[in-house]
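Structural description and commentary
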Amino acid sequence: MPSEQQAQPASALRRFEAVLGARNVVTSEADKAPFLREWRDKYFGKAAAVLRPKDRVDVAEIVRIANEESVALVPQGGNTGLVGGQIAFDEERQFVVNLSRMNAIREVDPTGYTMTVEAGVVLEAAQNAADEVDRLFPLSLGSQGSCQIGGNLSSNAGGTGVLAYGNARDLVLGLEVVLPSGEIVNELNKLRKNNTGYDLKNLFIGAEGTLGFITAAVLKLFPKPKGQQAAFVAFETLDEAGRFFVNARDRAGFQLTAFEIIPRIGIEFLLRHVPSVRDPIDTPYPWYALVEISSGESEDHANALMMAIIEGGFESGAIRDGALASSETQRKAFWHMRHELSGCQKPEGGSIKHDVSVPVDTLPEF
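Residues numbered from 1 in each chain as written. Predicted model: local features only at pLDDT ≥ 70, side-chain atom pairs only at ≥ 80, totals over all residues. Heavy atoms only, no water.

As for helix H10 (residues 299-316)
Structurally, the α-helix is built with 3.6 residues per turn, so residues lying three or four positions apart point the same way. Defined as follows: Strands here mean DSSP runs of E at least two residues long; helices mean DSSP runs of H or I at least four residues long; both are numbered from the N terminus. Expected span, for any helix, means 1.5 Å times one less than how many residues it has. Note on classification: 1.4 Å probe, protein chains only; a residue is buried when its accessible area is under 20% of the maximum for its type, exposed when over 50%, partly exposed between these limits.
Along its 18 residues, H10 runs 26 Å from first to last C-alpha, staying within 8% of the 26 Å computed at 1.5 Å per residue. Of all the positions in H10, only Ala 302, Leu 305, Met 306, Ala 308, Ile 309, Ile 310 and Gly 313 are classed as buried. Looking at the residues trailing H10, positive phi occurs at Gly 317, about 80°.

What follows is the structure, given as C-alpha cells:
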C-alpha cells in the first residue's frame, strides 16, 4: 500500500486488534515464525504482525485501515510457495494477512458442476468435497495437503492435471475479491456461458495478490473418471519422449490426463531421501515419464487404452522400457514419487525453481 506519509505500525496494530481480536493479531516472534519461513528455508522474513481475518468483511476492514495508516499488506495462504512471494521482509511497516481461517466450503452443486469455496480452503479439502458428490476437482499439486485455493488462484497454479484440464485460470467461473480500496467485488458467477461485460476474474488470477485479495471462488467440477491407469516409461532421449507424447495424445485425446517427464537425477534423489520409494524400472535410463489415462467408460477401457499406447511406443522405438501399475495401490505409489520430487530436493542443498512453458517440439533443445 504506497503512501507519502510515514507508517504508524503501533496505531495500525491497535486498530487491527479492534477488528480481529488480539488473538488474531500475531505479534510475538515465536508465533510469527511459522508464517515468515519459506518451506525450503531459503527465505526468513520479518513482519510487524500476522493478521488472521475470519471473513471478507474483516479483510475489507484490514485494507481500509492499512490505507489510512500507510502500512503494507502481504497476502498469504498455505505458505507453500517456493519463490518467496508470500513472505514479508519489513518488521516496521509490513503485515502478513494469512487467510487460513477463511476455510468454508459455501456450496457444492453437483448438478451444476460447481463448488463455491473461500480462499483458505485447503486444496485437498476441495478435492474431497467434490469426491463426496461423485465429482472431480482436477487441480493436483504435491503440496495439496496444505496449499490453499486463494494461493492456487493467485499463482495460477498448473499442477499435474494441466494437460487435460488446464491451469487454475481454466478451473474458475467467478471470484469474490477485496480491492486495494477496501471495496468488496462479488463476481461469484456459476454460469459457464457468461458473455456479459468484462471478464474481471482473470485480472486477479495469476496476479499474486498485487491487485487485491481473492476471498472466495466458484470452481468448476468435472465427472469423475470411471477408470484410471498409470505407467512409468523410460527413454534414452527427450526426442523419444516428445515423439511418444504426440502418439499418446493422438491415440487417447483428453483421456491422456498426465504426462510428467522426470530426469534420472530426480529418481536418484527419491531413492536417497524417500524411504518408501522403489526404482520403478530395474535398468536406469536418462529420462522417464509418468503417464496416466482417465477413462469415462471403465477400468477395463483405461487398461486397454494404456496397453495400446505402450505397445505402440515399443513398436515405434520411442520407449525403451516401462512399468504398468498392476493395482490402485501401485498407481498411487507412482504418483507418490511424482509428488515427492520437490521435497526430496531439499536435503540435496540449493536448487533453482522454475515453471517454464515451451512448445513440445522445442523441449529437447530447451
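Topic: the nonpolar core
We apply this condition: Residues belong to one nonpolar core when they are buried, are Ala, Val, Leu, Ile, Met, Phe, Trp, Tyr or Cys, and are joined through side-chain atoms within 4.5 Å. The criterion used for residue contact is that any of the two residues' heavy atoms lie within 4.5 Å.
With 28 residues, the main nonpolar core has Met 115, Phe 137, Ile 149, Leu 153, Leu 175 and Leu 219 as its most contacted residues. Where this core is concerned, the elements lending two or more residues are strand E6 (114-118), helix H4 (123-132), helix H5 (149-154), strand E8 (172-178) and strand E10 (213-220). In terms of residue count, the dominant contributor to this core is H4 (four residues). Excluding anything up to four places from it in sequence, Leu 219 contacts Tyr 113, Thr 114, Met 115, Val 117, Phe 137, Ile 149, Leu 171 and Val 172. Counting residues in each nonpolar core, the second largest holds 23 residues, with Val 25, Ala 49, Ile 62 and Val 178 among its members.

Points about the packing of aromatic side chains
Under the convention used in this document: Aromatic rings from Phe, Tyr and Trp, with only the six-membered ring used for Trp, were paired whenever their centres fell within 6.5 Å, and each pair was classed as stacked if the ring planes differed by under 30 degrees, edge-to-face if by over 60, and tilted otherwise. Here, a charge over a ring is recorded when the distance from Lys NZ or Arg CZ to the ring centre is within 6 Å and its angle to the ring normal is within 35 degrees.
Following the criterion strictly, the structure yields eight aromatic pairs and no others. When the ring of Tyr 165 is compared with that of Phe 222, the centres are 5.1 Å apart and the planes differ by 65°; the resulting orientation is edge-to-face. Of the two residues, Tyr 165 sits in helix H6 (residues 162-165) while Phe 222 sits in strand E11 (residues 222-223), which places them 57 residues apart along the sequence. Between Phe 245 and Phe 259, the ring centres sit 5.1 Å apart and the planes meet at 65°, which makes this aromatic pair edge-to-face. On the criterion of sequence distance, the pair formed by Phe 245 in helix H8 (residues 238-252) and Phe 259 in strand E13 (residues 256-263) is long-range, its members being 14 residues apart. Take Phe 259: its relative accessible area is 12%, and that puts it in the buried class. Three or more aromatic residues joined by ring pairs form one cluster here, namely Phe 235, Phe 244, Phe 245 and Phe 259. Above the plane of the ring of Tyr 43 lies Lys 42, whose end atom (NZ or CZ) is 5.9 Å from the centre. Above the face of the Phe 222 ring, Arg 192 is positioned so that its terminal group lies 5.7 Å from the ring centre.

Observations regarding the packing of helix H1 (residues 9-20) against helix H3 (residues 56-69)
Just so we agree on the cut-off: Only the contacting stretch of a helix is used when fitting its axis, a line to C-alpha atoms as for every element, and angles between N-to-C directions run 0 to 180 degrees. In these notes the angle categories are as follows: under 35 degrees is roughly parallel, over 145 is roughly antiparallel, 65 to 115 is roughly perpendicular, and the rest is oblique. Handedness of a crossing follows from how the near helix is turned relative to the far one, being left-handed for an anticlockwise turn of less than a right angle and right-handed for a clockwise one. Residue type decides the class: Asp, Glu, Lys and Arg count as charged, Ala, Val, Leu, Ile, Met, Phe, Trp, Tyr, Cys and Pro as nonpolar, and the leftover types, Gly among them, as polar.
At a minimum axis separation of 10 Å, H1 and H3 run at an interaxial angle of 165°. The pairing of H1 with H3 is recorded here as roughly antiparallel in orientation. The element H1 and its partner H3 pack so that their crossing is right-handed. Where H1 approaches H3, its residues Ser 11, Ala 12, Arg 15, Phe 16, Val 19 and Leu 20 are matched on the opposing element by Asp 58, Glu 61, Ile 62, Arg 64, Ile 65, Ala 66, Glu 68 and Glu 69. In the contact of H1 with H3, the residues fall into seven nonpolar, one polar and six charged.

Structural notes on the pattern of salt bridges
Test applied: Just to be clear on terms, a salt bridge is a Lys or Arg side-chain nitrogen sitting within 4 Å of an Asp or Glu carboxyl oxygen.
The final tally for this structure, using the stated rule, is 24 salt bridges. One salt bridge connects Arg 264 with Asp 279, and the closest N-O pair in it is separated by 2.9 Å. Of this pair, Arg 264 sits in helix H9 (residues 264-273) while Asp 279 sits in the loop between H9 and strand E14 (287-295); the two residues are 15 residues apart in sequence, bridging distant segments of the chain. Of the charged contacts, one joins Glu 328 and Arg 331 as a salt bridge, the two residues approaching to 2.8 Å between their closest N and O atoms. With Glu 328 and Arg 331 both in helix H11 (residues 328-339) and three residues apart, the pair spans about one turn of that helix. Under the relative-accessibility criterion, Glu 328 is labelled partly exposed at 38%.

Here's the deal with the sheet that holds strand E2 (residues 46-51)
Note the cut-off: Pairing between strands requires that DSSP locate at least two bridges from one strand to the other.
Pairing within the open sheet is mixed, and its four strands lie in the order E1-E2-E4-E3. Taken across any chain shown, the strands that pair with only one partner, and hence form the sheet edges, are strand E1 (25-26) and strand E3 (72-76). Pairing between E1 and E2: two bridges, direction antiparallel. Considered in E2, the bridge of Val 25 is made with Leu 51. Sitting on the sheet, H1 is in contact with E1, E2, E3 and strand E4 (89-98), with an inclination near 15° to E4.

With respect to unusual backbone geometry
Its identity is not glycine, yet Asn 79 carries a phi of approximately 60°, on the positive side. The backbone of Glu 208 shows a phi angle near 60°, a positive value even though the residue is not glycine. Among the structural elements, Glu 208 can be located in the loop between helix H7 (201-204) and E10. Judged by relative accessible area, Glu 208 falls into the partly exposed class, the value being 48%.

Quick notes on the side chain of Gln 76
The line we're drawing: Here a polar contact is taken to be a pair of N or O atoms separated by no more than 3.5 Å, where protein atoms must pair a possible hydrogen donor with a possible acceptor and residues adjacent in sequence count only if both atoms sit in side chains.
With respect to the secondary-structure elements, Gln 76 resides in strand E3. On the basis of relative accessible area, Gln 76 is assigned to the buried category, the value being 3%. Side-chain polar atoms of Gln 76 contact the side chain of Asn 98, separated by 2.8 Å. If we skip the residues at most four places from it in the chain, Gln 76 touches Phe 35, Gln 86, Val 96, Val 97, Asn 98 and Leu 99.

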